[in-house]
Amino acid sequence: MKLHSWISVLLLVYKVTAELEADVFPVDNEVDSIQQEVIQETRKNGTDESSSVPPSSELLSLEDPVQYNFQENLNLTPLPNNFLLASFQFYMQSETFGVNRNEHESNVYSHHTVFPKPVGPIMSQTNTRQLHLRFTHGLWDSQEWGQLPHSGLKSGGNGVELWAVIEGPSKEKAMQSWITLANSLSGLFCASINFIDSSKTTFPVSSFLPTEDDAIPLFNENSSLYLIRAALANEPICTENLTPFVKLLPTRGKSGISSLLDGHKIFDSNWHSLSIDVNTICEDNTGECHYSMEEFVETVVNVPNSLARADRPIPKPLGGDELRCDTNKPHDAFQCFPLPGSREVDFNISKLFGKKICGSSLLGKTSSKICAHVPSNWNVMVQVGDLLFTTDDNCFNVNSNEPHDVHFETSDSGNVLISKETPLHVSRALTGYGQDRGGLRSVFRNPSNQPVELVYFESLPWFMRVYLSSLALESDDSDLTLDSVVKSTFYSPARDRERPTHLERKLVIPPNSTLALSFQFDKSLLKYAEYPPDANHGFEIEAAVATITSPERYEARSSSLLLYLSTPDFSMPYNVIILTSTVMGLAFGTLFNLISKQLLTLEEADRILASTSPKAKLLRLKGKIIGLLKRNNTKPAKIAKSE
Amino acid sequence: MVSSETQVVCACFASRLAVSYLFPSLQQQLDRTVEFSTPVTSYRSLQEGAYLLLHNLPVYDGGVVHQVPLLVALMALFKPVEFLMPVLFAAMDSLVAFQLMRIAKLYQRQLKIPSYIPGIVYAANPLVLLSCVSQSTCLFVNLSISTSLLYALQGHFSLAAQCIAVAGYLSPYAYLLLIPLVGICGTTSAGVILLLKSTVVSFVLQLVSFSMNNYNWNYMTSTYWILITFSKMRPNLGLWWYFFIEMFEFFIPFFKSVFNIFVISFILPFSIRFNQQPFYAFVLCLGWITLTKSYPTLGDGGFFLSFVPFFKPVFGYLRYPVISSLLLIHAIVLSPIFYYLWIGLGSGNSNFFYAISLVYGLAISSVIVDLTWAMLRIEYDSGKPNLSLKLTQI
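Note that the structure is predicted; figures quoted are calculated from it, not measured.

Considerations on the overall build of chain A
The helix and strand inventory of chain A stands at 14 helices and 27 strands. Across chain A, the fraction of contacts at a sequence separation of at least 24, relative to all contacts at a separation of at least 6, is 74%. Accessible area of chain A: about 31,000 Å², with a carbon and sulfur share of 53%.

Topic: the nonpolar core
Core analysis: the biggest nonpolar cluster contains 170 residues, and B:Phe270 and B:Phe279 have the highest contact counts within it. A total of 17 residues in this core trace back to one element, the largest contributor, which is helix H20 (residues 350-380) of chain B. Aside from chain neighbours lying at most four places away, what touches B:Phe270 is A:Leu591, A:Ile595, B:Ala281, B:Leu284, B:Cys285, B:Trp288, B:Ile368 and B:Thr372. Counting residues in each nonpolar core, the second largest holds 79 residues, with A:Phe189, A:Leu260, A:Leu352 and A:Val416 among its members.

Looking at the interface of chain A and chain B
Of the residues lining the interface, 56 residues belong to chain A; the matching set on chain B comes to 64 residues. When the buried surface of chain A facing chain B is broken down by residue, A:Leu594, A:Ile595 and A:Leu599 rank first, second and third, together holding 13% of it. Across the chain A-chain B interface, the total number found is five salt bridges. The closest approach of N and O atoms between A:Asp522 and B:Arg44, which form a salt bridge, is 2.9 Å. Counting across the interface, chain A meets chain B through 22 residue pairs in polar contact (both at pLDDT 80 or more). Elements that contribute at least two residues to the side of chain A that touches chain B include exactly strand S19 (464-475), strand S20 (486-492), helix H11 (573-596), strand S27 (599-601) and helix H12 (602-612) of chain A.

What to know about the pattern of salt bridges
All names here are of chain A. Scanning all chains against the criterion turns up 32 salt bridges over all chains. Glu 167 is paired through a salt bridge with Arg 129; the nearest N and O atoms lie 2.9 Å apart. A residue pair is termed long-range when its members are at least 10 positions apart, and Glu 167 in strand S5 (residues 159-168) and Arg 129 in strand S4 (residues 128-138) qualify at 38 residues. Residue Arg 129 is classed as buried on the basis of its relative accessible area of 1%. A salt bridge links Arg 505 to Glu 458, with the shortest nitrogen-to-oxygen separation between them at 2.8 Å. Of this pair, Arg 505 sits in strand S21 (residues 501-509) while Glu 458 sits in strand S18 (residues 452-460), and the two are 47 residues apart along the sequence. Judged by its relative accessible area of 2%, Arg 505 is buried.

Some details on unusual backbone geometry
Most peptide bonds take the trans form, and the phi angle of most residues other than glycine is negative. All names here are of chain A. The linkage connecting Ser 550 with the following residue, Pro 551, adopts the cis geometry, with an omega of 5°. Along the chain, Pro 551 turns up in the loop between strand S24 (545-550) and strand S25 (554-557). Its identity is not glycine, yet Asn 82 carries a phi of approximately 65°, on the positive side. Tracing the sequence through the fold places Asn 82 in the loop between strand S1 (70-79) and strand S2 (83-93). The class of Asn 82 is buried, set by a relative accessible area of 19%. In this structure, Ser 151 takes a positive phi of about 55° despite not being glycine. By secondary structure assignment, the location of Ser 151 is in the loop between helix H4 (142-145) and S5.

Some words on the pairing of S18(A)
Residues and elements named next belong to chain A. Most of S18 is tucked away: eight of the nine residues are buried. Pairing geometry for S18 and S21, over nine bridges, is antiparallel. From the neighbouring strand, Glu 458 faces S21, where its bridge partner is Leu 503. Taken together, the five bridges between S18 and S24 define a ladder with antiparallel strand orientation. Bridge assignment links Val 455 to a residue of S24, and that residue is Thr 547.

As for the domain arrangement of chain A
Interfaces are often described in size by the accessible area the parts lose on coming together. Each domain of chain A was delimited in the assignment, giving domain 1 (3-57), domain 2 (70-100 + 113-410), domain 3 (425-563) and domain 4 (602-642). Distance from the C-alpha centre of domain 2 of chain A to the C-alpha centre of domain 4 of chain A: 98 Å.

So, how was this worked out
Residues numbered from 1 in each chain as written. Chains lettered and ligands numbered in written order. Predicted model: local features only at pLDDT ≥ 70, side-chain atom pairs only at ≥ 80, totals over all residues. Heavy atoms only, no water. Helix = DSSP H or I, 4+ residues; strand = E, 2+ residues; numbered from the N terminus. Contact = heavy atoms within 4.5 Å. Areas by Shrake-Rupley, 256 points an atom, 1.4 Å probe, with all protein chains shown as cover. Core = buried A, V, L, I, M, F, W, Y, C linked by side-chain atoms within 4.5 Å. Buried < 20%, exposed > 50% of the residue type's maximum accessible area, 1.4 Å probe, protein only. Buried area = accessible area lost by both parts, 1.4 Å probe. Salt bridge = Lys/Arg side-chain N within 4 Å of Asp/Glu carboxyl O. Polar contact = N/O pair within 3.5 Å; in protein donor to acceptor, adjacent residues only side chain to side chain. Pairing = 2+ DSSP bridges. Domains from an automatic or database assignment.

Set out below in structure tokens:
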């Protein structure tokens, strides 16, 4: 086995100085510890891991004979106003493989164990070292709910977002791999990811940089790594995307917490996000690598609505006796003022998700874990069979194969764990009217007492012709200038039908302030065939991404926008060809006649016409024929003619 | 006593300056109309170019800048004193008016009109005035063309060559005017000098631009190639835009070549047919380019129409001056309305504006056809008008 030298190309913003335990994933505490376990386990075992038998101390039981690098958690967090965030987290690792696969391919038996079978080949064929895929839809109310889960690092803008680190000898080759990757993922996830082409793809410069502390391995010393990204804002996220997601799990949604994943319930929510992150992790000294994959499904449901829908699948008005009336106000048997929403809550998650958890995952190294993050006035119980259990930290391990259920009850549902406030609120809107031009206005609000540094990433389609010179700052603080806010700008202008406008600006938002950055753009006309069938619906513009680097790492996204373009009349092609050609022909023909023909008086023209008109020609022909006939009859006639 | 020509120049300068400074927002509004600004001549795109240049961002790597590097550099130079831009444009416009009057002076004997008349017509032409106020860069081209024409008529062929090279550098269509200019030269040697000199100057200009653009030729694609390929789809008063929006993808390359050949088709015929009146051949060629170019503006049309007073001796021969002027007025009045109906209100569709662009095309072509006819007529009459004679062509 050759010893490979590793080149760390994409260095990280901050260097690792802590010990092994410190390199954690940016997720909340509960997950951290589990993640650390998995990682430590992995490091301890090193390359022996392929034996897939856990260290000796544990007892092997017949029901659970082998254990794999698979871990699943379910985090349930009640949010203000009776919302509930359910976060399904799955971690898995592939078996190790040698880097120089040509050497091994023929004689090494490969087993993909818990790692999904389709992902490995896609990664290796397209030379992808890191893959990040996000399906997100809905509105995260950051004013009420605080920070996005996982500091926003696991959720994308509306629609599909895909970015990857691809190894390639050149940018063009990497681009080819990228297109292949997009097409493969499109098939795998039943999404229109195949619509990603060069006109939607950007090469981010300071956003989306890999966050892990380790360097991304380079399999070939002569090539380099490219960070490539694209997003499709108009992609609806639906059950056909969730099914392949669940299929990637070793449990296939049949056991463990993934048995709760039902499209009808997950997408019946205010906000949902599916995410996949695949990393290639290599040992420095042995050159053995493995893939590690994180699959998250997150959803925010409105508890009373979901419960009501479970009770009455077909919406019907409540009966008079079920109405909760405010009796202090005028009321009768048919109508009344409603009481404010009840703060008493009592529900099972099986009612929210339609079914119970089908036991443990059966193959994880550690048991499936369910955690509820609630303050002390909530009672959380896990129900196994008919028995109810509680724990101090509201975390439960799912070990048995019995169906599990989680029961929540509280007298004051308004009292929830206070989520950290978002370091920055970003919103973006289109301004102006008319379909030939417009403006884009981004508003940044920093609620904290310290300045926020961020990278603001925007990728705009080529039919928006951006005038960067019109960049303007609006702020209450008159001392603020554009230069003090915008620290640096990366700008790659759009090229028609080839690439989008790519703007990355490093901004500093002063404490406790709100400011707006705006610029103007022109809208282009498209060719008749380039409009989608619903041309007057408009074009979705993907969300802008604000990557906050200080005071904490956080990713916020604006909402996506709908851009109206002027449209031609789609029924006109033939008419236009005819009419324009007529005008051109009229000008050309008239001028051609004028220039090439001879100018004469009318009398002269008549005379010439008389001798050249068809009638005159016919007469002459007739004369000739008669002459010929006469010549045959009499010789003197011929002589006379020859004279 | 100030000569009437000086008065006209002053009036021209003052009127433009007054409009620019009395209605400061008019410049931006006009720059956004499709009649006075196109992607290749708009002042906004020039500003954007200067901004990108000053901030060390890529100027010609795609994007919205379709102005030549020297113009962008000039704009960047003027950036600190941008409020003086209206003065520059007004001065250039007055210079054009002045040159038109000088040309009229050269032809005073044949024209039989006071030499200040073309100046007045130019200064009072609302199309030219608004185009100047919109600070469209087509004024630079027009100025170069009129300077070149004046020098050629005065016999300064070397200077004429330099000016036409500048015009060609700004807008390659001006190179087509070299052919009628050679006709103006008269002698073969002068023609050769004109061609050689303009080639040399063009090369120098391109090399300077090349070096100014960080030794990169990519500005060629954004500034010249776009005229041929019509890659920026934006409505204008020309014949191209709707045709290529509606055309089936498969035929686009074919029709692009047809439209490009159409532009050059009548340059040589005009120059040859009217080789005895090369100045008029030049004007007709100018009109033909105005009609057929890919990104025409009303500024171009106004510039062409400013030469119509020089056809004073043949006015009697015009067959349908009323129809031409009605078509022109119809197009100019209705085009902003119909564009607004389509884009602003959404109560009309693109066909409204398309119809107007056709009418405008018809108007310009009827002017050209009529002038050509009149030229042929006076040629037949050997310069002594005989209006009663009925002529026809076969």
